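A structural walkthrough
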Amino acid sequence: METESEPYVRLATLRQLHRVVADLNTARSLADTLQTVVDGIVVGLGYELACVNLVRPDGDLVVAAFAGDPAAEALITGRVGSRASWDRRLTMGENWDGLRFIPHTEGWVLMEDDVPQWHTDGPDPRFEDEWHPEDRLYAPMYASGGELLGVISVDRPRNGRRPGAWGREALQMYAFQAAIAISNARLRANMQRALVRLEREQQALRASEESFRQAFEYAPSGMAIAEMGGDQHGRLLRTNDALCRLLGRPASVLRRYSFSDLVHPEDIGTLLRTSAEGGRAELRLGRRDGTYVWVSLRNSVVADAADGPRFLLTHVEDIEERKRHELQLAHRASHDSLTGLPNSAELRSRLGARLCRRPQSVRATAIEALDAAFEGREAHTGHVGHDGYEVRVEAGGAGGGGGGGGGEHGFQADGPDRFTGPDPFDYSGAPAAPTDGPYDHHVHTVAPSTEADDGTKGLAVLFCDLDGFKSINDRFGHHTGDAVLIEVARRLTTGVRDGDTVARLGGDEFVVLADGLGAADAADLAVRLRNAIIPPIRVDGRAVRVGASFGIGWASCGMSADEVLRSADQRMYIEKRSRSKAHRRAG
């Protein structure tokens, strides 16, 4: 039966409980919260000793806070008890509505386990509800999801008795509030750690961005950031000073363009073929003054792990000097170092590009081509010969060697139907597979008749050998001889058309390739070139003269470049022997 003073005891305990619970919410850190929990038990709930055993991430429990006895606190704080031993304790003894009481009569079996313990000496209890020094009372603390957070352990009630119903309820209520406070403290600690980690990451990101900005802005070569995807794909978002100087445009202007707007029209295909990730390309970009500069583009995709590619980082390196050097090397490999004319290898390459391995017996005249047209045997503008090959026949073409131009332009014909692509015939003599209709698109080179001018135009090969050059070399030295060769090369180049080729075969031998000429046209061109060479050449104040002998050969499919040159060479020697030495020197 409840005594008269018991309501006042309950009220006083409730007030004290309210104060210590309020203190739980003022702690700033997890460690402060744990210490406030044990201090509140000692101050407000009437126990002399209290400790909190906190569950660690590995499941074991560590003595995290202790109050009531400094000696005991120094001895067991920080010590760990296994989860198995604690699970055993929480299933023994008596269940007091969530609390676990293990009387001394049962607790002796726990003396040797690994849970940190502290016992005080004292007399055996004289009454049934008197507290024994080896009695144990635990208040488990659970999170909202039922997970064990820790265990409050109390000892030595100040009244010397086991707690009654109201004391048990107060301890249970306090353990519930302590669990909430510890959970909140953990949450705050995790948030603080997350904030610290986020701040560090942001600092690292800012440092990384600053490093990238400095590397981007002050890079010695051009750098650009371009947009990826969408309607503005490829648009320049940002450029550094080096790229602005290279292209002669300010950054504000470059942001209006993409690389496809700046690239040379001939290089647009190269740009499109460049892969986005790790792609490389060498192409020309336009400057503000209208000129183009050779650059090397290296692309890298800057991607977001979640959203995919974000933008394209492009490194632009100026390779103008290297390209110029490469072109110089290529020019040296294909041109004569003295005269600057195409050399023997380049001559054979250009001549071979016009020849295929069609059997030489396939020939067609202009009259046969007309007959074929009326008989329906002509495809487009070609005539099909006996073996099924298309033969190109042209009745027109410029005669002679009109003025202007040098020998650097190849020897393509003036008409749009002239073939300028690769040889579609292999060296086995079989034609390549047709790609448009039953006939191939190779324009066969056919030699005009030397007996009668039938109007056929062909590729004339004029082999020129200087007369009297050896005596100049022997008499005046190689310096004078070189000057003569340079002047002869200039006169020959001036005397041919744009598109014709003048090459130096070696020594005092030159070759002229002139396309679209008939037999009379080629003979007239040889006469005019000979007359251009005859006038005196002044070297170091003296005048010297050389003559020239020309042999006219004709390129024809079925012949090799060497066979064509050999034929022209033989005709030149025939022409040279047909004239006296004095006449040759006089032209």
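For the structure given in this document, a descriptive report is provided here. In this numbering scheme, every chain counts its residues from 1 along its sequence in written order. Local features in this predicted model are restricted to residues of pLDDT 70 or higher, and side-chain atom pairs are both shown and tallied only at a pLDDT of 80 or more, whereas totals for entire chains, interfaces and linings draw on every residue. Processing note: side-chain calculations cover all non-hydrogen atoms of the structure and skip hydrogens and water entirely.

**Describing the overall build of the protein**
Counting its regular elements, the protein contains 18 helices and 21 strands. Taking all 587 residues of the protein together, the buried fraction comes to 45%. By definition in these notes, contact holds between two residues if any of their heavy atoms fall within 4.5 Å. Taking contacts inside the protein between residues at least 6 apart in sequence as the whole, the part at least 24 apart equals 63%. Computed with a 1.4 Å probe, the accessible areas rest on the Shrake-Rupley method; for each residue, only the protein chains presented here act as cover. About 30800 Å² of surface is accessible on the protein, with carbon and sulfur atoms providing 52% of the total. Working definition: helices are DSSP H or I runs of at least four residues, strands are E runs of at least two. Numbering for both runs from the N terminus. Burial status follows relative accessibility: with a 1.4 Å probe on protein chains alone, a residue under 20% of its type maximum counts as buried, one over 50% as exposed, and anything between as partly exposed.

**Side note on the pairing of strand β18 (residues 509–517)**
Judged by how many residues are buried, β18 sits mostly within the fold: nine of nine residues are covered. Only strands joined by at least two bridges in the DSSP assignment are considered to pair. Of the pairings in the sheet, the one linking strand β17 (residues 501–506) to β18 comprises five bridges and is antiparallel in character. If you follow G506 over to β18, its bridge partner there is E509.

**A look at the packing of aromatic side chains**
Put simply, two rings from Phe, Tyr or Trp (the six-membered ring, in Trp's case) pair if the centres are within 6.5 Å, and we call them stacked under 30 degrees between planes, edge-to-face over 60, tilted for the rest. Applying the stated rule across the entire model yields four aromatic pairs. Residues F101 and W131 carry aromatic rings whose centres are separated by 6.0 Å and whose planes lie at 55 degrees to one another, so their mutual orientation is tilted. Of this pair, F101 sits in strand β5 (residues 99–102) while W131 is found in the loop between α5 (104–107) and β6 (136–142), placing the two residues 30 residues apart along the sequence. An identical accessibility class is assigned to F101 and W131; each is buried.

**Here's the deal with the sheet that holds strand β7 (residues 148–157)**
Spatial ordering of the open sheet is given by β3-β2-β1-β7-β6-β5-β4, a layout of seven strands whose pairing is antiparallel. Edge positions in the open sheet fall to β3 (80–81) and β4 (94–96), since each of these has one partner strand only. One ladder, built from two bridges, connects strand β2 (residues 61–67) with β3; its direction is antiparallel. The residue of β3 that forms the bridge with L61 is G81.

**Structural notes on the pattern of salt bridges**
One side-chain nitrogen of Lys or Arg within 4 Å of one carboxyl oxygen of Asp or Glu is enough to make a salt bridge. With the rule as written, the count across this model stands at 31 salt bridges. The shortest N-O distance in the salt bridge between R206 and E199 comes to 3.3 Å. Residue R206 is classed as partly exposed on the basis of its relative accessible area, which comes to 44%. Residue K323 pairs with E326 through a salt bridge whose shortest N-O separation is 3.6 Å. A residue pair is termed a helical-turn pair when its members lie 3 or 4 positions apart in one helix, as K323 and E326 do in helix α11 (residues 320–334) at three residues.

**Some remarks on the sheet that holds β17**
Within the open sheet, the four strands sit side by side as β17-β18-β16-β21. Their pairing is antiparallel. Looking along the sheet, the strands with just one partner apiece sit at the ends: β17 and β21 (547–555). The mean inter-strand angle of the sheet, taken between neighbouring strand axes irrespective of direction, is 25 degrees. With respect to the sheet, helix α12 (residues 344–352) is in contact with β16 (458–467), β17, β18 and β21, its orientation differing from that of β17 by roughly 130 degrees. For every element, the axis is a line fit to its C-alpha atoms; helices are fit only across the contacting stretch, and the angle between N-to-C directions ranges from 0 to 180 degrees.

**What about the side chain of S258?**
Relative to the elements of secondary structure, S258 occurs in the loop between α8 (251–254) and α9 (259–262). Looking at S258, the relative accessible area reads 9%, which means it is buried. Counted as a polar contact is a pair of N or O atoms within 3.5 Å, where, for protein atoms, one must be capable of donating a hydrogen and the other of accepting one, and residues adjacent in sequence contribute only when both atoms are in side chains. There is a polar contact of 2.7 Å between the side chain of S258 and the side chain of S260. Once residues within four sequence positions are removed from consideration, S258 is found in contact with G234, R235 and L236.

**Remarks on the packing of α12 against helix α17 (residues 561–577)**
The geometry of α12 relative to α17 is characterised by a closest axis approach of 9 Å and an angle of 110 degrees between their N-to-C directions. With respect to α17, the element α12 is oriented roughly perpendicular. Listed contacts from α17 to L347, R348, L351 and G352 of α12 are A561, D562, V564 and L565. Any residue outside Ala, Val, Leu, Ile, Met, Phe, Trp, Tyr, Cys, Pro, Asp, Glu, Lys and Arg is labelled polar, Gly included; the first ten of those are nonpolar and the last four are charged. Per-class residue counts for the contact of α12 with α17 are five nonpolar, one polar and two charged. To sort the angles, those under 35 degrees are grouped as roughly parallel, those over 145 as roughly antiparallel, those from 65 to 115 as roughly perpendicular, and the leftovers as oblique.

**Considering α12**
Along an α-helix, residues three or four positions apart point the same way, because every turn accommodates 3.6 residues. Taken together, the buried positions of α12 are occupied by E346, L347, R350 and L351. One side of α12 holds all its buried residues, which, seen down the axis, span an arc of 130 degrees. Summarising the contacts, the buried residues of α12 are in contact with α11, β16, β17, β18, β21 and α17. The opening residue of α12, the one whose side-chain oxygen lies 3.3 Å from the backbone nitrogen of A345, is N343. To be clear, the arc concerns the directions from the helix axis to the C-beta atoms.

**Section: helix α14 (residues 469–476)**
Restricting attention to buried positions, one finds in α14 the residues F469, I472 and N473. Down the axis of α14, the sector holding all buried residues measures 100 degrees, keeping them to one side. Residues of α14 that are exposed and angled more than 90 degrees away from the buried face: K470, D474 and R475. Contacts from the buried residues of α14 go to β16, α15 (478–494) and β20 (542–544). Among the residues trailing α14, G477 stands out with phi positive, at a value near 100 degrees.

**Description of the nonpolar core**
In this structure, L137, I152 and Y174 are the most contacted members of the largest nonpolar core, which totals 36 residues. When contributions to this core are tallied by element, the ones reaching two or more residues are α1 (6–24), α2 (30–44), β1 (47–55), β2, β5, β6, β7 and α6 (165–217). A total of eight residues in this core trace back to one element, the largest contributor, which is α6. The residues contacting L137, other than those within four sequence positions of it, are Y47, W96, L99, R100, F101, W131, I152, S153, V154, P163 and L171. Here, nonpolar core means buried Ala, Val, Leu, Ile, Met, Phe, Trp, Tyr and Cys residues that are tied together by side-chain atoms lying within 4.5 Å of each other. Residues A447, A460, V502 and I533 belong to the second largest nonpolar core, which totals 31 residues.

**Points about unusual backbone geometry**
Residues other than glycine seldom take positive phi values, yet D97 does so here, at roughly 55 degrees. Among the secondary structure elements, D97 is positioned in the loop between β4 and β5.

**Some details on the packing of α2 against α6**
Two elements in contact, α2 and α6, have axes separated by 9 Å at closest approach and are oriented at 165 degrees. Taken together, the axes of α2 and α6 lie roughly antiparallel to each other. Considering only the axes of α2 and α6, their crossing is right-handed. Residues L30, T33, L34, T36, V37, G40 and I41 of α2 touch α6, and the partners they reach there are Y174, A178, A181, I182, A185, R186 and R188. Considered class by class, the residues forming the contact of α2 with α6 number nine nonpolar, three polar and two charged. By definition, any crossing whose near helix is turned counterclockwise from its far helix by less than a right angle is left-handed, and any crossing with a clockwise turn is right-handed.

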